[in-house]
Amino acid sequence: MSEENDIIIAKSAGFCPGVKRAIECVLELEEQGNKPIYTIGPLIHNKQVTDNLESKGIKAIESLTEAKDKKGVLVIRAHGITPAFQKEIMNFGMKVVDATCPLVKKVHNVIEKYAKQGYDTIIVGDSKHAEVIGLMGYTQGKGQVVGNIEEAKNLQNFEKVNIVSQTTQKEATFLKIAGIIKQKAKVCNISNTICHPTKQRQTETTKYAKDADLVVVVGGHHSANTARLAKLCSDLCKNVIHVETSEEINKDIIINSKKIFITAGASTPIWLVEEIANYIKDLREKSK
Ligand code: SF4
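Residues numbered from 1 in each chain as written. Predicted model: local features only at pLDDT ≥ 70, side-chain atom pairs only at ≥ 80, totals over all residues. Heavy atoms only, no water.

1. Some points on the packing of aromatic side chains
Any aromatic ring pair is given by two values, namely how distant the centres are and how the planes are angled relative to each other.
Then, number 1: Within this structure, the stated rule accounts for two aromatic pairs.
Then, number 2: Centre to centre, the rings of Tyr114 and Tyr119 are 4.9 Å apart; their planes meet at 80°, and the pair counts as edge-to-face.
Then, number 3: Look at Tyr208 and Phe261: their rings are 5.7 Å apart centre to centre, the planes differ by 35°, and that puts the pair in the tilted class. With a gap of 53 residues between them, Tyr208 in helix 8 (residues 196-209) and Phe261 in strand 13 (residues 260-264) connect regions that are remote in the sequence.
Then, number 4: Residue classification places Tyr208 among the buried residues on the basis of a relative accessible area of 17%. (Phe/Tyr/Trp six-rings, centres within 6.5 Å; stacked < 30°, edge-to-face > 60°. Helix = DSSP H or I, 4+ residues; strand = E, 2+ residues; numbered from the N terminus. Buried < 20%, exposed > 50% of the residue type's maximum accessible area, 1.4 Å probe, protein only.)

2. Some details on the pattern of salt bridges
Then, number 1: Here the structure, examined in full by the defined rule, presents nine salt bridges.
Then, number 2: We note a salt bridge from Asp51 to Lys47, for which the minimum N-O separation is 2.7 Å. One end of the pair is Asp51 and the other is Lys47, both in helix 2 (residues 47-55) and four residues apart, which spans about a single turn.
Then, number 3: Assessed through its relative accessible area of 40%, Asp51 is described here as partly exposed.
Then, number 4: Judged by relative accessible area, Lys47 falls into the partly exposed class, the value being 48%.
Then, number 5: Each member of the salt-bridge network shares a partner with another, and the members are Lys170, Lys231 and Asp235. (Salt bridge = Lys/Arg side-chain N within 4 Å of Asp/Glu carboxyl O.)

3. Here's the deal with the site of the ligand
Then, number 1: For the ligand, the full set of nearby residues is Cys16, Gly18, Cys101, Leu103, Val104, Thr167, Thr168, Cys195, Pro197 and Thr198.
Then, number 2: In a pocket analysis with a 2 Å cut-off to the grid points, the ligand is assigned to the largest pocket.
Then, number 3: For the shell around the ligand, the residue count by class is six nonpolar, four polar and no charged. (Near = heavy atom within 4 Å. 1 Å grid on protein atoms, 1.4 Å probe; cavity = no way out; pocket = protein on both sides within 12 Å on 5 of 7 lines; lining within 4 Å. Sits in = over half its atoms within 2 Å of the grid points. Nonpolar A, V, L, I, M, F, W, Y, C, P; charged D, E, K, R; others polar.)

4. A look at the pairing of strand 7 (residues 120-124)
Then, number 1: The buried count for strand 7 comes to five of five residues, which makes it a mostly enclosed element.
Then, number 2: Every second residue of strand 7 is oriented toward a common face, with Asp120, Ile122 and Val124 on one face and Thr121 and Ile123 on the other, all of them buried.
Then, number 3: Of the pairings in the sheet, the one linking strand 7 to strand 8 (residues 143-146) comprises four bridges and is parallel in character. Counterpart to Val124 in the pairing with strand 8 is Val146.
Then, number 4: Viewed along the sheet, the connection from strand 7 through helix 5 (residues 130-136) into strand 8 turns out right-handed. (Pairing = 2+ DSSP bridges. Right-handed = clockwise from strand over helix to strand, strands pointing away.)

5. Quick word on the state of the cysteines
Then, number 1: This structure, assessed with the given rule, holds zero disulfides.
Then, number 2: Not engaged in a disulfide, the cysteine Cys25 finds its nearest cysteine sulfur in Cys101; these two sulfurs lie 13 Å apart.
Then, number 3: Since its relative accessible area comes to 18%, Cys25 is described here as buried. (Disulfide = S-S within 2.5 Å.)

6. What to know about the environment of Asn250
Then, number 1: The residue Asn250 is located in the loop between strand 12 (240-243) and helix 10 (251-255) in this model.
Then, number 2: At 2.8 Å, the side chain of Asn250 forms a polar contact with the backbone nitrogen of Asp252.
Then, number 3: At a separation of 3.2 Å, a polar atom in the side chain of Asn250 contacts the main-chain amide nitrogen of Ile253. (Polar contact = N/O pair within 3.5 Å; in protein donor to acceptor, adjacent residues only side chain to side chain.)

7. Details of the sheet that holds strand 3 (residues 37-40)
Then, number 1: Spatially, the four strands line up as an open sheet ordered 4-3-5-6, and their pairing is parallel. Whereas interior strands pair on both sides, the edge strands pair on one side only; in this sheet they are strand 4 (58-61) and strand 6 (95-98). Across the sheet, the mean angle from the axis of one strand to that of its neighbour is 30°, orientation sign disregarded.
Then, number 2: In terms of strand pairing, strand 3 meets strand 5 (residues 73-76) through three bridges, oriented parallel. Directly across from Ile37, in strand 5, lies its bridge partner Val73. (Axes fitted to C-alpha atoms, helices over the stretch in contact; angles between N-to-C directions.)

This is the structure we're talking about:
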């Protein structure tokens, strides 16, 4: 945490280690002269960063048919993919670099281990999120995604169930949902697979957001983890704004708030957080 005139910037703000690693990986490939570089889906949901990557010839594609130049490299992003898609990519005839976050790979392994023993898998998370789509691929066809408490209550009973979490879930929600599912199973294994960087971010946010007059959450409007962080803050502080750039900030709310806590999602670059923090500091200085 860094603090100046009642403006607190979260220490955990900025890229998580998995995203940082994936970005460094493509930049290194670019420096080595690899061209073109295709990433399977955007590396992160942050327009400022993806625009910058695109200017360097690093292009996000949604399907292999878009990879026209086979002399290039295909990069699997931090979220990971299903084993079936991985096989398809490996047989596509292009150089492949796997930038799946090791902490996501751990979840793949946990799911696979129990699925092979005949367990059903429940993934607590967002069914449309790329990471969750990838995780489902390891369930051997016996996986379901649960997004909320209602859905957990409506589940059938299980002989054996393994419950895992999307790595960026809110821990309290995961534990509540896991508790409900446990009652429905003869044998239940709960694997709390929320990653350590996410837990740290949530702990820090909970500590500072509750005492703030205003929380500024910096991150892409399409970033699920930023939206989830903003929701966590809204449960703790009545004034929360989710912004992608400083242009979206209403000056009055900054001037009228004494204690401001600035945090950011895992896909937000630290330079953007600093830019917004400086903008807020400037506004406050000028209003004195
Ligand atoms: S949020 Fe966690 S698991 Fe996901 S990419 Fe970042 S460090 Fe890895």
